[in-house]
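# Coordinate inspection notes
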Amino acid sequence: MPPIPDHPLRYSLVNELHARPFPALHVPCMAAYVAIKEPDDAANRDRAADRAHLLALLDRHGSGHPQPDATHFSGTIGRAELKWESHTEFVTYSAFTPGLSDRPFDPMEAKVFPAEWLAVAPGKRLASVLIRVERLPDSEEEVLARLEEWFVAESLAVSWVVDGAAVIAGDFRIDAAGHMRFVVFVREGVGARRIGRIVQRLCEIETYRAMSMLGLMRSRELSARLNALDPKLSALVSGLDASNHSPEDALNELLSISAELESLAVRFSFRFGATGAYEAIVNQRIEVLRETRLQGRQTFGEFMMRRYDPAMRTVKSTENRLAAMAERAQRAAELLRTRVDVERSAQNQKLLESMDRRADLALRLQHTVEGLSVVAISYYAVSLAAYAAYPLTEAVGLSKGMATAVLTPLVIGAVWLGLRRIRKKIH
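Keep in mind the model is a prediction, meaning the values are calculated, not measured.

### With respect to the overall build of the chain
Counting secondary structure elements, the chain contains eight helices and nine strands. In terms of overall dimensions, the chain has C-alpha extents of about 160 × 65 × 50 Å along its principal axes. Counting the 427 residues in the chain, one finds 41% classified as buried. The contacts in the chain between residues at least 6 apart in sequence include a share of 74% that link residues at least 24 apart. Carbon and sulfur atoms provide 57% of the accessible area of the chain, an area that totals close to 24,300 Å².

Here it is as structure tokens:
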């Protein structure tokens, strides 16, 4: 029995599950990460330009090239291991270098991505992160002492993660060199792939946080326009029962507002949908870290709940407001259309009544004309009948005038009966 053939996409679908493996990192090491995004219409960007930019970096170090249609790549550039990924709206570059500099978070550690190379990137820098990975100090007090030296205490988030395997910390602030800083203190004996997963998730949290908060900027832009449209829509809805406002004019204004609301929905739907997806990823990445508190300090989840969640609620509120206004405008337009239809029906009824009256007048006029027609036809018929009967009346001794007098009522009666029969047949 021959083997059953595979679906043409079977291997591609399975390979997609393993397309982006976590890096394997050893302590100590440094991770430099950058995410690049086109400011406008990034989903439809020229991906060939992204590939050309990657090849330019690889060619600096004589490294191998990825497959032509690859969406991810791992290779070596100098002392660093490079990981490149192409996403729907952005591309990311991660460089993992063994060892640490004497100066914590030295900007030179980000020089693995040369400034002149970044300057010609097909897009703008959305996220730039430096992550320092080192051994966990002997005491929590020593950990906190280093964190107070490196980060801003007011916004510092720190916690134990992955069942106590490591301590992560960061203040979500951009330093003078343009980078966001995180540190990972790793316990002795933690595996390289677990360290890589922690570092990768920190990069993803920052990237997807930035991507989702693009929706906040768009929601503020949208809110300003909705604030201008809301009073107009409310005034139109409130004036539906006003008799001094033409329903046709109100309907035209309402349709104009509805068209603008639909246009706004089309413009912002992609960004709001993407914001919801990115927010879910941020929350999921924080959840899988399995945080526990370190000496009463706020965790990453608590930091996001206080600083990040309100922004996402604002986006959702604006999205719901747009949908509610569009629905309200649609309902008002339906009410106005009903009112216009009712008024037009009343006008048509009056027109039909007027036509009935005109038809009745026309019928009366027709009857009047028929009476005159009897007289006119009878006049000519009597004259013809008198000429035809004159030889007979002369033989019996009747004068022409007497014969005409005798024929007149007979002819009138015959004409009247004939016209009546014709009208009856027509009706």
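### Description of the pattern of salt bridges
The full count for this structure, using the stated rule, is 25 salt bridges. Between E279 and K316 there is a salt bridge, with its nearest N and O atoms 3.3 Å apart. Residue E279 is located in helix 6 (residues 247-288), and its partner K316 is located in helix 7 (residues 300-396); the two are separated by 37 residues in the primary sequence. Ionic contacts of the salt-bridge type, sharing partners, join the residues R132, E134, E142 and R146 into one network.

### Here's the deal with the packing of aromatic side chains
The full count for this structure, using the stated rule, is 13 aromatic pairs. In this arrangement the basic side chain of R10 is found over the ring face of Y11, its NZ or CZ atom lying 5.6 Å from the centre.

### Some words on the sheet that holds strand 5 (residues 124-135)
The nine strands are arranged 2-3-4-1-5-8-7-6-9 in an open sheet whose pairing can be described as mixed. Strand pairing shows two members of the sheet lacking a second neighbour, strand 2 (72-77) and strand 9 (292-293), which therefore form its edges. Across six bridges, strand 7 (residues 166-174) lies against strand 8 (residues 180-186) in antiparallel orientation. The partner of G170 across the bridge, within strand 8, is F182. Along the sheet face, helix 4 (residues 140-150) touches strand 5, strand 6 (157-161), strand 7 and strand 8 and points at about 165° away from the line of strand 8. The sheet contacts of helix 5 (residues 192-238) involve strand 1 (29-37), strand 3 (80-86), strand 4 (90-98), strand 5, strand 6, strand 7 and strand 8, and relative to strand 5 the element is tilted by about 155°.

Rules behind the numbers
- Residues numbered from 1 in each chain as written.
- Predicted model: local features only at pLDDT ≥ 70, side-chain atom pairs only at ≥ 80, totals over all residues.
- Heavy atoms only, no water.
- Helix = DSSP H or I, 4+ residues; strand = E, 2+ residues; numbered from the N terminus.
- Buried < 20%, exposed > 50% of the residue type's maximum accessible area, 1.4 Å probe, protein only.
- Contact = heavy atoms within 4.5 Å.
- Areas by Shrake-Rupley, 256 points an atom, 1.4 Å probe, with all protein chains shown as cover.
- Salt bridge = Lys/Arg side-chain N within 4 Å of Asp/Glu carboxyl O.
- Phe/Tyr/Trp six-rings, centres within 6.5 Å; stacked < 30°, edge-to-face > 60°.
- Lys NZ or Arg CZ within 6 Å of the ring centre and 35° of its normal.
- Pairing = 2+ DSSP bridges.
- Axes fitted to C-alpha atoms, helices over the stretch in contact; angles between N-to-C directions.

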